[in-house]
Amino acid sequence: MNLQELLSALNDFASPALAESWDNVGLLVEPSPPHTVKTLFLTNDLTEEVMEEAVQKKADLVLSYHPPIFTPLKRVTCKTWKERLVVRALENRIGIYSPHTTYDAIPHGVNSWLTKGLGACTSVPLHPSTAPSSPAEGTHRVEFCADAEHLDAVLFKIKDIPEISCLTTLPARVEGEEQTRVSLNCSQKALLEVVALLFQNSLLHHKTEILLLQKPLLPHTGMGRLCTLSEPVSLSDIIKRIKGHLQLPHVRVAVGTGRTLESLVKKAALCAGSGSRVLKGTEADLYLTGEMSHHDVLDAVANGISVILCEHSNTERGFLSELRDALTIHLQNKINIIVSEKDRDPLHVA
């Protein structure tokens, strides 16, 4: 597939607009066009060892779940390992694409895969995503009525305000008088100017309505998941299930105050990767994530919530096999998709 055609398909699979505002997603390194992709290489972390594997397997595009370029690079040399990744990629005409938190948010993404480790359950996002686009432009809608004496002058001034859209006028009858109903959409910044203009005329100000325009929530889409188990099970059984699902010999566990390993778990809140911010304040029997700050673990335990920590990338990497199968179908078997064998969590127990 042509690179641009593939990027369009990847963006259809998971819209970059679903990513967190702080994230750096999408195409990060682009070989000079035209660029054809025959082999797509999947990895959780793009290390130098993984890049060499991609070169050996003749990859044309690396899909790295974590963005290897996050903070801006001031130069591209061979001095640091992240700069060397870019150099090696361009030397071998390999593109780099990162989806990161877009794959956290989608219904068929990383967090949904992680819920399978709990057993049979239903789940909803902890922080639902809003629609990337919406028919309504602007953040606010302003509606007011004006008589013929004031209408032209007000409209003339409004049209000079930037970030005004969807301006419409309709005949209206107000308290027995023929007037015109004006409706417009505007940004937060433009709203201040519109209101200031209407305040200049007390008759217009008293007939003004301001509505907040909110994008609709996307069902089953968003950060984290709150899971309700079909049948409550003991914390010890949940631990066994998680270790089996993630294929880990051990996990770290903090038992909530007043709980034991035999206490039943009915509700579990989870977040792949680093869960402190996403899980904080959620009412549940259990928090499941890769890593949390020491003090956030203490807070959870004090509130009677047990915590299972599996190390950051261990809660994400197993998703790659499922992703390979999903992308094979989505891309209609047009390209070869392989999963890195060198990608691994950097931490181990000595």
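What you are looking at is a predicted structure, and each value in this text was computed from that prediction instead of being measured.

Looking now at the overall build of the protein chain. Secondary structure assignment for the protein chain yields 12 helices and 15 strands. Considered along the principal axes of its C-alpha atoms, the protein chain spans approximately 80 × 60 × 40 Å. Counting only residues that meet the buried cut, the protein chain has 49% of its 350 residues in that class. Of the contacts made within the protein chain by residues no fewer than 6 positions apart, 73% connect residues no fewer than 24 positions apart. With the model as given, the accessible surface of the protein chain reaches about 18000 Å², and the carbon-plus-sulfur share is 54%. Of the charged side chains in the protein chain, 34 are positive and 41 negative, and the gap between their average positions amounts to 5 Å.

Here we take up the side chain of E53. You can see E53 is positioned in helix α2 (residues 48-56). Among the polar contacts listed, one links the side chain of E53 to the backbone nitrogen of E341, at a separation of 2.7 Å. Among all residues touching E53, those that are not within four sequence positions of it are F41, S340, E341 and K342.

So, on to the sheet that holds strand β6 (residues 140-146). An order of β7-β8-β6-β9 is seen for the 4 strands of this open sheet, with the pairing classed as antiparallel. At either margin of the open sheet sits one strand with a lone partner, and together these are β7 (164-174) and β9 (209-212). Sheet twist, expressed as the mean angle between neighbouring strand axes with direction ignored, is 15°. The sheet contacts of helix α7 (residues 188-199) involve β6, β7, β8 (177-186) and β9, and relative to β6 the element is tilted by about 15°.

Turning next to the packing of α2 against helix α3 (residues 81-91). The N-to-C vectors of α2 and α3 enclose an angle of 10°; their axes lie 10 Å apart at closest approach. Considering the angle they form, α2 stands roughly parallel to α3. Taken together, the residues of α3 that come into contact with α2 (itself represented by E48, M51, E52 and V55) are W81, R84, L85, R88 and A89. The class makeup of the residues in the contact of α2 with α3 is 5 nonpolar, no polar and 4 charged.

In this model, α7 (12 residues) spans 17 Å end to end at C-alpha, consistent with the 16 Å of a helix rising 1.5 Å per residue. Looking only at α7, the buried set comprises A190, L191, V194, L197 and L198. The buried side chains of α7 occupy one side of the element, clustering within an arc of 125° when seen end-on. Summarising the geometry of α7, the exposed residues directed more than 90 degrees from the buried face are K189, L192 and F199.

What follows is about the domain arrangement of the protein chain. Along its sequence, the protein chain is organised into domain 1 (3-103 + 317-339), domain 2 (106-130 + 222-310) and domain 3 (140-212). Domain 1 and domain 3 are separated by 49 Å when their C-alpha centres are compared.

Moving on, we come to a nonpolar patch on the surface. A contiguous nonpolar surface patch, about 200 Å² in accessible area, is contributed by V253, V255 and L261. Turning to its location among the elements, V255 is positioned in the loop between β11 (252-254) and β12 (264-274). Given a relative accessible area of 32%, V255 falls into the partly exposed group.

Before going further, it helps to spend a moment on the sheet that holds strand β10 (residues 217-234). If you trace the 6 strands from one edge of the open sheet to the other, you get β5-β10-β12-β13-β14-β11, paired in mixed fashion. Looking at strand neighbours, the two that pair on one side only are β5 (121-130) and β11, the edges of this open sheet. The mean inter-strand angle of the sheet, taken between neighbouring strand axes irrespective of direction, is 25°.

By size, the foremost hydrophobic cluster in this structure holds 65 residues, and its most contacted members are Y103 and L327. Looking at which domains feed residues into this core, each of domain 1 (3-103 + 317-339) and domain 2 (106-130 + 222-310) supplies at least three. Residue contacts for L327: discarding those within four places in its chain leaves L10, F13, L40, L42, L63, Y103 and I337. Residues V50, V55, V62 and I338 belong to the second largest nonpolar core, which totals 17 residues.

Right, let's get into the side chain of S313. Among the secondary structure elements, S313 is positioned in the loop between β14 (306-309) and α12 (319-330). For S313, a relative accessible area of 3% corresponds to the buried category.

One pass over the structure, following the stated rule, counts 19 salt bridges. Salt-bridge contacts for K57 lead to E341; the nearest nitrogen and oxygen are separated by 3.6 Å. Placement of K57 in the loop between α2 and β3 (61-64) and of E341 in the segment after β15 (336-339) is noted, with a sequence separation of 284 residues between them. For K57, a relative accessible area of 31% puts it in the partly exposed group. The partner of D296 in a salt bridge is K280, and the shortest N-O contact between them spans 2.9 Å.

Thresholds applied
- Residues numbered from 1 in each chain as written.
- Predicted model: local features only at pLDDT ≥ 70, side-chain atom pairs only at ≥ 80, totals over all residues.
- Heavy atoms only, no water.
- Helix = DSSP H or I, 4+ residues; strand = E, 2+ residues; numbered from the N terminus.
- Buried < 20%, exposed > 50% of the residue type's maximum accessible area, 1.4 Å probe, protein only.
- Contact = heavy atoms within 4.5 Å.
- Areas by Shrake-Rupley, 256 points an atom, 1.4 Å probe, with all protein chains shown as cover.
- Lys, Arg positive; Asp, Glu negative; His and termini not counted.
- Charge placed at Lys NZ, Arg CZ, Asp CG, Glu CD.
- Polar contact = N/O pair within 3.5 Å; in protein donor to acceptor, adjacent residues only side chain to side chain.
- Pairing = 2+ DSSP bridges.
- Axes fitted to C-alpha atoms, helices over the stretch in contact; angles between N-to-C directions.
- Parallel < 35°, antiparallel > 145°, perpendicular 65-115°, else oblique.
- Nonpolar A, V, L, I, M, F, W, Y, C, P; charged D, E, K, R; others polar.
- Expected span 1.5 Å × (residues − 1).
- Arc of directions from axis to C-beta.
- Domains from an automatic or database assignment.
- Patch = residues over 30% accessible without salt bridge, like charges linked within 9 Å, V, L, I, M, F, W, Y side chains within 5 Å.
- Salt bridge = Lys/Arg side-chain N within 4 Å of Asp/Glu carboxyl O.
- Core = buried A, V, L, I, M, F, W, Y, C linked by side-chain atoms within 4.5 Å.

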